[in-house]
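Each chain is listed here by its residues.
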Amino acid sequence: WHIECSAMAMSAFGETLDIHTGGQDLIFPHHANEIAQSEAVTGKKFSNYWLHGGFVNMGSDKMSKSLGNIVKLSDIIERNFHPIAFRYLALTLHYRTPMHFTWEALEASQTALFKLVNLFSKFKQSSDGRRINAEYKREFNQFINDDLNTPQALALAWKLIKDENVADTDKLATLLDFDNVFGLNLEKLQEEFTKTAGIIPDEIKSLAEEREKARANKDFKRSDELRKAIDEKGYHINDTDNGFEITKKE
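Just so we're clear, the structure is a prediction, and the values are computed from it rather than from any experiment. (Residues numbered from 1 in each chain as written. Predicted model: local features only at pLDDT ≥ 70, side-chain atom pairs only at ≥ 80, totals over all residues. Heavy atoms only, no water.)

1. Quick look at the packing of helix H4 (residues 83-91) against helix H7 (residues 150-162)
Helix-helix packing is described using two parameters, namely the angle between the two axes and the distance between the axes. Contact pair H4 / H7: the axes reach a minimum separation of 8 Å and the direction vectors enclose 110°. On the basis of their axis angle, the class for H4 and H7 is roughly perpendicular. Of the residues in H7, those in contact with Tyr88, Ala90 and Leu91 of H4 are Thr150, Pro151, Leu154 and Trp158. Taken together, the residues of the contact of H4 with H7 break down into six nonpolar, one polar and no charged. (Axes fitted to C-alpha atoms, helices over the stretch in contact; angles between N-to-C directions. Helix = DSSP H or I, 4+ residues; strand = E, 2+ residues; numbered from the N terminus. Parallel < 35°, antiparallel > 145°, perpendicular 65-115°, else oblique. Contact = heavy atoms within 4.5 Å. Nonpolar A, V, L, I, M, F, W, Y, C, P; charged D, E, K, R; others polar.)

As structure tokens, then:
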């Protein structure tokens, strides 16, 4: 196992890697053996930096195949979460900090992500010249260069958003610069959310489908009741020639 990893790494990336990642449980003996055998063969430093991630825990246990408590990205999507919501959740923790995964934490991260994209969309409406704010850029680089301190960097992004002394156009340019590191792909998300109004909850979809059946059966009283229920939950339903469209209220 140890030799296999050294062979694969050097075959793909050369005799010295820039960054080697892995879980904290691999520090010894696996990574120690990788270093020993690789450097014995090449006489060169095996990796310049080692980044060991904290465990993802489910309750009090580490998430692992042996315990059968694995949550896959497909599971997240099936529960009607946007996959980028998990990335946002990961950014709120330092990579060496254990993550205690809960669906409630993921829901909070998705809410924050949607709010961020909504504000980003409003900043895009400004048409003046865009400039990256130098002070925020300097602070951001400090946090990222401090062992990838993404929680502080993310907090700085929200500080920027709320800063009334920075023009919206400059907020936009600076957020786009930050996103080169965050990897949220805000521009793509903004386009996606504009088309879909974000993620529509399953409950709202079910109400809309039930309403569609009521309309087909000419049960217009029930149809109006369901429209009102959807409206009270913060969504609009619009009838089109191709069916219905659901949009979230502002």
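2. Observations concerning the sheet that holds strand E3 (residues 56-58)
Overall, mixed pairing links the three strands, which are arranged E4-E3-E5 in an open sheet. With one partner strand each, in any of the chains shown, strand E4 (61-62) and strand E5 (99-101) form the two edges of the open sheet. The pairing of E3 with E5 spans three bridges and is parallel. The residue of E5 that forms the bridge with Val56 is Met99. (Pairing = 2+ DSSP bridges.)

3. Brief notes about the packing of aromatic side chains
In the structure shown here, the tally under the stated rule is seven aromatic pairs. Both rings, one in Phe86 and one in Phe101, keep their centres 6.3 Å apart while their planes meet at 50°; by these two values the pair is tilted. Note that Phe86 is positioned in helix H4 and Phe101 in strand E5, a separation of 15 residues in sequence. Given a relative accessible area of 4%, Phe101 falls into the buried group. Taking 5.4 Å as the distance between ring centres and 85° as the angle between the ring planes, the aromatic pair formed by Phe140 and Phe182 counts as edge-to-face. Here Phe140 is found in helix H6 (residues 134-145), whereas its partner Phe182 is found in helix H8 (residues 168-182), with 42 residues between them in sequence. Taken as a pair, Phe140 and Phe182 share a single burial class, namely buried. An aromatic cluster of at least three residues, connected via ring pairs, comprises Phe81, Phe86, Phe101 and Trp103. (Phe/Tyr/Trp six-rings, centres within 6.5 Å; stacked < 30°, edge-to-face > 60°. Buried < 20%, exposed > 50% of the residue type's maximum accessible area, 1.4 Å probe, protein only.)

4. So, unusual backbone geometry
For the bond running from Phe28 to Pro29, omega is 10°, close enough to zero to count as cis. For Asn185, which is not a glycine, the phi torsion comes out positive at approximately 55°. In this fold, Asn185 is placed in the loop between H8 and helix H9 (186-196). Of note in the backbone geometry, Lys218 takes a positive phi value of approximately 60° without being a glycine. Following the sequence through the fold, Lys218 ends up in the loop between helix H10 (202-216) and helix H11 (220-232). We classify Lys218 as exposed; its relative accessible area is 63%.

5. Brief notes about the pairing of strand E2 (residues 47-53)
Looking along a regular strand, one sees the side chains alternate between the two faces of the sheet. As paired elements, strand E1 (residues 17-23) and E2 share six bridges and run parallel to each other. Opposite Thr21, over in E2, you have Leu51 as the bridge partner. Note on the crossover from E1 through helix H2 (residues 27-42) to E2: the handedness is right-handed. (Right-handed = clockwise from strand over helix to strand, strands pointing away.)

6. As for the nonpolar core
Buried together is how nonpolar side chains tend to be arranged in soluble globular proteins. Tyr88, Leu106, Leu113, Phe178, Phe182 and Leu184 are the most contacted members of the largest nonpolar core, which totals 38 residues. Put simply, the parts of the chain that give this core at least two residues each are H4, E5, helix H5 (103-123), H6, H7, H8 and H9. At eight residues, H5 tops the list of elements feeding residues into this core. Beyond its immediate sequence surroundings of up to four residues, Leu106 is in contact with Ile76, Phe81, Ala85, Phe86, Leu89 and Phe101. Residues Ile204, Leu207, Ala208 and Ile237 belong to the second largest nonpolar core, which totals eight residues. (Core = buried A, V, L, I, M, F, W, Y, C linked by side-chain atoms within 4.5 Å.)

7. Topic: helix H1 (residues 2-13)
Between its first and last C-alpha atoms H1 spans 17 Å; for 12 residues at 1.5 Å apiece the expected length is 16 Å, and the two agree. Turning to H1, its buried residues number three or more, namely Cys5, Ser6 and Ala9. An end-on view of H1 places all buried positions within 100° of arc, on one side of the element. Of the residues in H1, the exposed ones pointing more than 90 degrees away from the buried face are Ile3 and Ser11. Contact partners of the buried residues in H1: E1 and H2. With its phi angle positive at about 100°, Gly14 sits one or two positions after the end of H1. (Expected span 1.5 Å × (residues − 1). Arc of directions from axis to C-beta.)

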